[in-house]
Amino acid sequence: MSPETRDDLVGIARVLDEAERTATPTRQLDAKLDIDHAYQIQRQIRNLREQRGESYAGPKLGFTSESKMKQMGVSDIIVGFLTDAMAVNDGGTLDLSEMVHPRIEPEIVFHIGETVIPEPDETIESLAQRIHDATDKVAAGLEIIDSRYEAFRFSLSDVVADNTSAARFVVGSWQDFPREIDGLLAELIIDGQVIESSTSSAILGNPVKAFAQLASMTLKYGFDLPADSVILAGSMTAAAYLRPDMAIEARVEGFQSATVTAANSPTVIEEG
Ligand code: OOG
Ligand code: MG
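The structure presented is a predicted model; accordingly, all values stated were derived computationally and were not measured.

**Student:** Quick one: what's the story with empty space enclosed by the protein, residue by residue and with numbers?
**Tutor:** Empty pockets left among the atoms are what a rolling probe the size of a water molecule brings to light. If you walk through the whole model with that rule in mind, you get 2 cavities of 30 Å³ or more. Around the largest cavity sit 18 residues that line it, and Lys60, Phe63, Lys68, Ile145 and Thr164 are the ones nearest its centre. The element best represented in the lining of the largest cavity is strand E1 (residues 56-62), accounting for 3 residues. Here the lining of the largest cavity is composed, by residue class, of 8 nonpolar, 5 polar and 5 charged. Estimated volume of the second largest cavity: approximately 50 Å³.

**Student:** Quick one: what's the story with the site of ligand 1, residue by residue and with numbers?
**Tutor:** In the neighbourhood of ligand 1, 17 residues make up the surrounding shell, with Phe63, Lys68, Glu105, Ser165 and Ser235 lying closest. In this structure, phenylalanine 63 approaches ligand 1 through a main-chain N or O atom, which is 2.8 Å from an oxygen atom. For ligand 1, an oxygen atom lies 2.7 Å from a polar atom in the side chain of serine 165. Against a free-state accessible area of 320 Å², the protein chains account for coverage of 100% of ligand 1. Because more than half of its atoms lie within 2 Å of the grid, ligand 1 is assigned to the largest cavity. For the shell around ligand 1, the elements supplying multiple residues, two or more each, are E1, helix H3 (66-72), strand E4 (103-112) and strand E5 (135-145). With 3 residues, E1 is the single largest residue contributor to the shell around ligand 1. A breakdown of the residues in the shell around ligand 1 according to their chemical character gives 7 nonpolar, 5 polar and 5 charged.

**Student:** I'd like a rundown of the sheet that holds strand E13 (residues 258-263), residues and numbers included.
**Tutor:** On the basis of which strands lie adjacent, the open sheet formed by 5 strands has the order E3-E13-E12-E8-E9 and mixed pairing. Whereas interior strands pair on both sides, the edge strands pair on one side only; in this sheet they are strand E3 (92-95) and strand E9 (193-199). Neighbour to neighbour, the strand axes of the sheet diverge by 20 degrees on average, direction disregarded. Across 4 bridges, the pairing between E3 and E13 is parallel. Among the inter-strand pairings, glycine 92 is bridged to a residue of E13, identified as valine 260.

**Student:** Could you give an account of the packing of aromatic side chains, with specific residues and numbers?
**Tutor:** If you walk through the whole model with that rule in mind, you get 6 aromatic pairs. For the ring pair tyrosine 39 and tyrosine 221, a centre distance of 4.0 Å and an interplane angle of 25 degrees mean the geometry is stacked. Pair noted here: tyrosine 39 is in helix H2 (residues 35-51) and tyrosine 221 is in helix H6 (residues 210-221), with a separation of 182 residues, a long-range link. Given a relative accessible area of 24%, tyrosine 221 falls into the partly exposed group. With centroids separated by 6.3 Å and ring planes inclined at 50 degrees, the aromatic side chains of phenylalanine 152 and phenylalanine 154 adopt a geometry described as tilted. Relative accessible area serves as the criterion here: at 3%, phenylalanine 152 is assigned to the buried category. Look at phenylalanine 154 and you get buried, because its relative accessible area is 14%.

**Student:** Go over the pattern of salt bridges, please, and point to the residues and values.
**Tutor:** Per the stated rule, a full pass over the model turns up 16 salt bridges. Here glutamate 105 and lysine 68 are joined by a salt bridge, their closest N and O atoms 2.8 Å apart. Taken together, the residues glutamate 105 in strand E4 and lysine 68 in helix H3 connect sequence positions 37 residues apart. Here glutamate 105 matches lysine 68 in class, with each residue buried. Aspartate 162 is the partner of arginine 148 in a salt bridge, and the nearest nitrogen-oxygen pair spans 2.7 Å. A residue pair is termed long-range when its members are at least 10 positions apart, and arginine 148 in the loop between E5 and helix H5 (156-161) and aspartate 162 in the loop between H5 and strand E6 (166-171) qualify at 14 residues. Arginine 148 gets classed as buried once you look at its relative accessible area, which sits at 3%. Using a relative accessible area of 2% as the deciding quantity, one classes aspartate 162 as buried. Among the charged side chains, a network of salt bridges with common partners joins Asp17, Glu18, Arg21 and Arg52.

What counts, and where the lines are drawn
Residues numbered from 1 in each chain as written. Chains lettered and ligands numbered in written order. Predicted model: local features only at pLDDT ≥ 70, side-chain atom pairs only at ≥ 80, totals over all residues. Heavy atoms only, no water. 1 Å grid on protein atoms, 1.4 Å probe; cavity = no way out; pocket = protein on both sides within 12 Å on 5 of 7 lines; lining within 4 Å. Points joined across faces, edges and corners; volume = space filled by probe spheres on them. Helix = DSSP H or I, 4+ residues; strand = E, 2+ residues; numbered from the N terminus. Nonpolar A, V, L, I, M, F, W, Y, C, P; charged D, E, K, R; others polar. Near = heavy atom within 4 Å. Polar contact = N/O pair within 3.5 Å; in protein donor to acceptor, adjacent residues only side chain to side chain. Areas by Shrake-Rupley, 256 points an atom, 1.4 Å probe, with all protein chains shown as cover. Sits in = over half its atoms within 2 Å of the grid points. Pairing = 2+ DSSP bridges. Axes fitted to C-alpha atoms, helices over the stretch in contact; angles between N-to-C directions. Phe/Tyr/Trp six-rings, centres within 6.5 Å; stacked < 30°, edge-to-face > 60°. Buried < 20%, exposed > 50% of the residue type's maximum accessible area, 1.4 Å probe, protein only. Salt bridge = Lys/Arg side-chain N within 4 Å of Asp/Glu carboxyl O.

By themselves these figures say nothing about function.
Right, here's the structure in full:
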């Protein structure tokens, strides 16, 4: 089916939202779904979550590193949204039973100190600079992604509609910005073992380039950038499967680590 009406888009949003709430995988969408429709479905999912009382916590970028594009076979940058209900405390516990087949990845998180609203006809460069200027703090973080699609497989439109697999996120201790955030060693550590390792330059060659990508996507799709929200810049390494009782740490040179411990079993245990 190719969605023609708003009702169709809302219908797809409801299916994905239900899959998320019940931690039950759902079938991939029709290949004819175009990217603009996919962002409209994502926006409807945000509406549904806000109607349930969740509040918007900021945007997240995806596929900003080679390792992620290679792992998932998708090569366009995508943007999703976070809510307060997705936040897990640093050092806290992650309940895997609320998810289908969750994976975890190390991220850099920016904090937006003051609201940024695009001006009419503003250029990408100008908006990127204003987002950069509004960013007052940085932290190491972890993102827990959980595709609502069977076998964690999707097309670009599928994953955009499914809010870019956003499930949970952990923000480590904030540090002042600006500071050097390029070329820093970044590691994903599970039960004391380094599972994946990279540097912060894995994000678009330099993490500050995330501002230009976010500016460009914001001008196209209207993402909100309110004061006191966060930006996840995208994973620096491939994501790792989550299993019960794992202790996970995102270690980024010069930052305090972000950590979380997994509890319970997800709906599906991935092989590997
Ligand atoms: C999509 C989300 C990608 C990232 O950091 O690259 C993402 C997925 O891999 O399921 O969050
Ligand atoms: Mg991510």
